[in-house]
Amino acid sequence: MLTLTANGVDTSPVIRGVWLLENILGAPPAPPPPDVPTIEPDIRGAKTIRDQLEKHRASATCRSCHRQIDPPGFALESFDAIGRWRGHYQRGSAVAPVDASGQFGAEKFTDITGFKKALLARRDEFARCLAEKLLIHALGRELDVLDRPAIRQIVEASAADGYHLRTLILLCAESEIFRRK
């Protein structure tokens, strides 16, 4: 979701976090329970988006989802809506530094470089997600539970070659599910 601010277009760390989990790791967060009403937290005194989300996470219901979503979103906060580097937020005449730190799984990070190291520890998840996306595109359909063994084989075989993109693409093209399309 893009929001218009006084200085142009901005994005939410929550939306960025959800996007990264869905499209890079193939692990979308669960939707909020249907019986949970929209909660408007008291964000008075919050100066940054991190402060606002911290107040929002005071609710146990919100905290359970945001614990997974927020860290990858905050890791990307050093980039604006079109990918330019930013070291601070500017709202009118107020300036606040960007805090791109967090904890992703067991890995703590202070910036995008540290987050990248945490992502590199999850190469298998990334390769699985990429193989799934390649096959969805190649097959022109969503994958189903019967496709999982083939995807597992592709990821395991690509691991032996260091998860090279070329190998992953070839393995998808040579897979049984692609050939029986």
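Now for a quick tour of the structure.

### What to know about the overall build of the protein chain
The helix and strand inventory of the protein chain stands at 8 helices and 6 strands. Ordered by position in the sequence, the α and β elements of the protein chain form the string β-β-α-α-α-β-β-β-β-α-α-α-α-α. Evaluated residue by residue, the protein chain yields a buried proportion of 30% over its 181 residues. Sequence separation of 24 or more characterises 53% of the internal contacts of the protein chain that already satisfy a separation of 6 or more. Summed over its atoms, the accessible surface of the protein chain is roughly 11500 Å², and 57% of this surface lies on carbon and sulfur atoms.

### Remarks on the nonpolar core
If you look at the biggest cluster of nonpolar residues, it comprises 13 residues, and the most contacted ones within it are Leu20, Leu21, Leu25, Phe104, Phe109 and Phe115. Among all residues touching leucine 20, those that are not within four sequence positions of it are Leu25, Pro72, Leu76, Phe115 and Leu119. Counting 12 residues, the second-largest nonpolar core is a separate cluster that includes Ala127, Ala150, Leu171 and Ile177.

### Describing the state of the cysteines
Considering all chains together, one arrives at 0 disulfides under this definition. Here cysteine 62 stays unpaired: no disulfide links it, and the sulfur of cysteine 65, its closest cysteine neighbor, is 7.8 Å away. Residue cysteine 62 is classed as buried on the basis of its relative accessible area, which comes to 10%.

### Brief notes about the side chain of arginine 50
Tracing the sequence through the fold places arginine 50 in helix α2 (residues 49–56). Given a relative accessible area of 18%, arginine 50 falls into the buried group. The residues touching arginine 50, leaving out its near neighbours within four places in the chain, are Phe74, Asp99, Ala100 and Ser101.

### Some remarks on α2
Within α2 the residues assigned to the buried category are Arg50, Leu53 and His56. For α2, the buried positions fall inside an angular range of 120 degrees around the axis, keeping them on one side. Buried residues belonging to α2 abut α1 (13–23) and α3 (60–75).

### Some words on the packing of α1 against α3
It is at 7 Å that the axes of α1 and α3 come closest, and there the two elements cross at 100 degrees. Classed by the angle they form, the pair α1 and α3 counts as roughly perpendicular. Contact with α1, carried on its side by Pro13, Val14, Arg16, Gly17, Val18, Leu20 and Leu21, involves His66, Gln68, Ile69, Asp70, Pro72, Gly73 and Phe74 of α3 and no other residues of that element. When the residues that make up the contact of α1 with α3 are grouped by side-chain class, the tally is 8 nonpolar, 4 polar and 2 charged.

### A look at the pairing of strand β3 (residues 88–91)
Two elements, β3 and strand β4 (residues 94–97), share 4 bridges in a ladder whose sense is antiparallel. In the strand pairing of β4, tyrosine 89 is matched with alanine 96. Taking the residues between adjacent antiparallel strands as the criterion, β3 and β4 are bridged by 2 residues, where glycine 92 takes a positive phi near 65 degrees.

### Focus: the pattern of salt bridges
Taken as a whole and judged by the stated rule, the model has 8 salt bridges. A salt bridge links arginine 128 to glutamate 132, with the shortest nitrogen-to-oxygen separation between them at 3.5 Å. Remark: glutamate 132 and arginine 128 occur in helix α5 (residues 123–139); sequence separation between them is 4 residues, near one turn of the helix. Classification of arginine 128 as partly exposed rests on a relative accessible area of 26%. Salt-bridge contacts for glutamate 176 lead to arginine 179; the nearest nitrogen and oxygen are separated by 3.0 Å. Taken together, the residues glutamate 176 and arginine 179, both in helix α8 (residues 176–179) and 3 residues apart, mark about one turn of the helix.

Criteria and thresholds
Residues numbered from 1 in each chain as written. Predicted model: local features only at pLDDT ≥ 70, side-chain atom pairs only at ≥ 80, totals over all residues. Heavy atoms only, no water. Helix = DSSP H or I, 4+ residues; strand = E, 2+ residues; numbered from the N terminus. Buried < 20%, exposed > 50% of the residue type's maximum accessible area, 1.4 Å probe, protein only. Contact = heavy atoms within 4.5 Å. Areas by Shrake-Rupley, 256 points an atom, 1.4 Å probe, with all protein chains shown as cover. Core = buried A, V, L, I, M, F, W, Y, C linked by side-chain atoms within 4.5 Å. Disulfide = S-S within 2.5 Å. Arc of directions from axis to C-beta. Axes fitted to C-alpha atoms, helices over the stretch in contact; angles between N-to-C directions. Parallel < 35°, antiparallel > 145°, perpendicular 65-115°, else oblique. Nonpolar A, V, L, I, M, F, W, Y, C, P; charged D, E, K, R; others polar. Pairing = 2+ DSSP bridges. Salt bridge = Lys/Arg side-chain N within 4 Å of Asp/Glu carboxyl O.

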